[in-house]
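Summary of the model geometry
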Amino acid sequence: MKDEICKEKMALVEKLGVHLENREQLAPVAARILSYIILTGKKGTTFEDMVTILCASKSTISTHLNHLQDLKKIVYFTKTGDRKKYFIINKDMIVQHIDNMINEWQEVRELHLEIKSYKETINTLKLENDDEKFELSFHNDYIQFLDEASSSIETLRTKLIDNQFHI
């Protein structure tokens, strides 16, 4: 059973790593390190564990850990009587990602409002044929979707900031 969970975790590390590599513009090893840290959770993972599990050299792991810390994507904590650093994700990284999503959705929303306004203006002109009028329901539905998605993600953001999640 433990081997199956380990295989599943490593498959997810790879899959999430590819996603993060593209989304965050990270080097492949850095993306795998970040993925492994995310999937290890709040107990954290050590440098030694990552060298062993990710099958990379100490210098490679060290370089990418330092880079991820510089980017403020990960932080570490120590335990009393233990000199090891335990790496975890930086909660602020998630909040920053949410902020970026909200900003992008807001830009798209404003663009759709402008396009819809333009189409409404064209529709009020005396067009020779009703078939030439623009259909506006897509824009209305998409704007509604963006409003609801933004509201939902804003709720998630507030919960993160208020420490209602322990990731």
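For the structure itself, look to the data block above.
Residues numbered from 1 in each chain as written. Predicted model: local features only at pLDDT ≥ 70, side-chain atom pairs only at ≥ 80, totals over all residues. Heavy atoms only, no water.

Quick notes on the overall build of the protein chain
Of regular secondary structure, the protein chain possesses 6 helices and 2 strands. Along the protein chain, from the amino end to the carboxyl end, the secondary structure elements read α-α-α-α-β-β-α-α. In terms of overall size, the protein chain is more extended than a compact globule, its C-alpha atoms giving a radius of gyration of 23 Å where 167 residues would be expected to give roughly 15 Å. If you line up the protein chain on its principal axes, its C-alpha atoms span 80 × 35 × 30 Å. In the protein chain, which comprises 167 residues, the share counted as buried stands at 30%. Relative to all contacts within the protein chain whose residues are 6 or more apart in sequence, the contacts with residues 24 or more apart total 54%. (Helix = DSSP H or I, 4+ residues; strand = E, 2+ residues; numbered from the N terminus. Rg over C-alpha atoms; globule rule 2.2 N^0.38 Å. Buried < 20%, exposed > 50% of the residue type's maximum accessible area, 1.4 Å probe, protein only. Contact = heavy atoms within 4.5 Å.)

What about the pattern of salt bridges?
Scanning the model with the defined rule gives 8 salt bridges in all. Linking R32 and E21 is a salt bridge whose minimum nitrogen-to-oxygen distance equals 2.8 Å. Of the two residues, R32 sits in helix α2 (residues 28-40) while E21 sits in helix α1 (residues 2-23), which places them 11 residues apart along the sequence. Owing to a relative accessible area of 15%, R32 belongs among the buried residues under this scheme. Given a relative accessible area of 22%, E21 falls into the partly exposed group. For D99, the salt bridge is made with R157, and the minimal N-O distance between the two is 2.4 Å. (Salt bridge = Lys/Arg side-chain N within 4 Å of Asp/Glu carboxyl O.)

Section: the nonpolar core
In this structure, I33, L34, I37, M50, I61 and L65 are the most contacted members of the largest nonpolar core, which totals 20 residues. When residues of this core are traced back to their parent elements, those giving at least two are α1, α2, α3 (47-53), α4 (58-70) and β2 (82-89). Residues contacting L65, with those up to four places away along its chain left out, are I33, I37, F47, M50, I74 and F87. Listed in part, the 5 residues of the second largest apolar core include V95, I98, I153 and L160. (Core = buried A, V, L, I, M, F, W, Y, C linked by side-chain atoms within 4.5 Å.)

Focus on the packing of aromatic side chains
Counted by the stated rule, this structure contains 4 aromatic pairs. Centroid distance F77 to Y86: 5.6 Å. Interplanar angle 20°. Geometry classified as stacked. Aromatic ring contacts, followed pair by pair, group F138, Y142 and F145 into a single cluster. Above the ring of Y86, the side-chain terminus of K79 is found at 4.1 Å from the ring centroid. In this arrangement the basic side chain of K85 is found over the ring face of Y76, its NZ or CZ atom lying 4.5 Å from the centre. (Phe/Tyr/Trp six-rings, centres within 6.5 Å; stacked < 30°, edge-to-face > 60°. Lys NZ or Arg CZ within 6 Å of the ring centre and 35° of its normal.)

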